[in-house]
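The residues making up each chain are set out below.
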Amino acid sequence: MKKVLLLSAIVLLASCNNGESREEVAEELEEQADSLKLPTNEEQADNLKKDGYEVFTYKEGDTTYLMQQYYIVFLKSGKNRSQDSTEAAAIQEKHMQHLNRMYEEGFTSLTGPMGDDGELRGIVIYNTKTQAEADSLAKLDPAVQAGRLEVEVHPWWVAKGGKLN
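Residues numbered from 1 in each chain as written. Predicted model: local features only at pLDDT ≥ 70, side-chain atom pairs only at ≥ 80, totals over all residues. Heavy atoms only, no water.

*Asks:* Where do I start with the environment of Phe 107 in this structure?
*Replies:* Looking at the secondary structure, you find Phe 107 in the loop between α4 (85–104) and β3 (108–113). Note on Phe 107: relative accessible area 23%, which makes it partly exposed. Once the C-alpha coordinates of Phe 107 and Ala 134 are considered, the two residues, 27 residues apart in sequence, prove to be 8.2 Å apart. Setting aside anything within four residues of it in sequence, one finds Phe 107 in contact with Met 102, Ile 125, Tyr 126, Asn 127, Thr 128, Glu 133 and Leu 137. (Helix = DSSP H or I, 4+ residues; strand = E, 2+ residues; numbered from the N terminus. Buried < 20%, exposed > 50% of the residue type's maximum accessible area, 1.4 Å probe, protein only. Contact = heavy atoms within 4.5 Å.)

As structure tokens, then:
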């Protein structure tokens, strides 16, 4: 955002040579900055609630957090893992296509496999309005339908805009 404002300032200041005063340029820059402002936590919360998402805000010190309910899906080893290597590879390819589609369509926020070979195979964070929706989408996964994976879905609260460090 800072780069956009800086570029806008340079362009507008250069236009001063075309008859615009510094005051006109400053006013135009201020208008552009206003249009780039992010919504407040309250505005975001209202919009999410209108769309059917579960949210709340809480204040800790000087910071107000907007919390949203996501759904964490644990992908576990299924009961049918006896496919030969060719069939297992085909299922895995379809599994990855499904996960990519869920991300591209905005249904998931984070996805990843576990780093060991235990019963828990991976985790997917669904950004859906309900647990039933997350469960349904997770069960559309070809690896789940083939029985190689099973899903376990839990509600999970996280600060909106949170990130991994």
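*Asks:* Quick question: what am I supposed to make of the packing of aromatic side chains here?
*Replies:* To describe a pair of aromatic rings, you give the distance between the ring centres and the angle between the ring planes. Applying the stated rule across the entire model yields three aromatic pairs. Centre to centre, the rings of Tyr 58 and Tyr 65 are 5.2 Å apart; their planes meet at 25 degrees, and the pair counts as stacked. Overall, Tyr 58 belongs to the partly exposed group, its relative accessible area being 33%. One aromatic cluster in this structure is built from Phe 56, Tyr 58, Tyr 65 and Trp 157. (Phe/Tyr/Trp six-rings, centres within 6.5 Å; stacked < 30°, edge-to-face > 60°.)

*Asks:* Help me out: how do you make sense of helix α5 (residues 131–139) in this one?
*Replies:* One turn of the α-helix equals 3.6 residues, which is why residues spaced by three or four share an orientation. For α5, the full list of buried residues reads Ala 134, Leu 137 and Ala 138. Buried positions in α5, seen along its axis, are confined to an arc of 100 degrees and lie on one side of it. Against the buried residues of α5 lie β2 (63–77), α4, β4 (120–126), α6 (142–145) and β5 (149–159). (Arc of directions from axis to C-beta.)

*Asks:* Can you help me understand the pattern of salt bridges in this one?
*Replies:* Any two side chains of opposite charge can pair if their charged atoms end up close together. A full pass over the atoms with the stated rule returns five salt bridges. When the shortest N-O distance is used, the salt bridge between Asp 135 and Lys 139 registers 3.1 Å. Remark: Lys 139 and Asp 135 occur in helix α5; sequence separation between them is four residues, near one turn of the helix. What makes Asp 135 partly exposed here is its relative accessible area of 22%. (Salt bridge = Lys/Arg side-chain N within 4 Å of Asp/Glu carboxyl O.)

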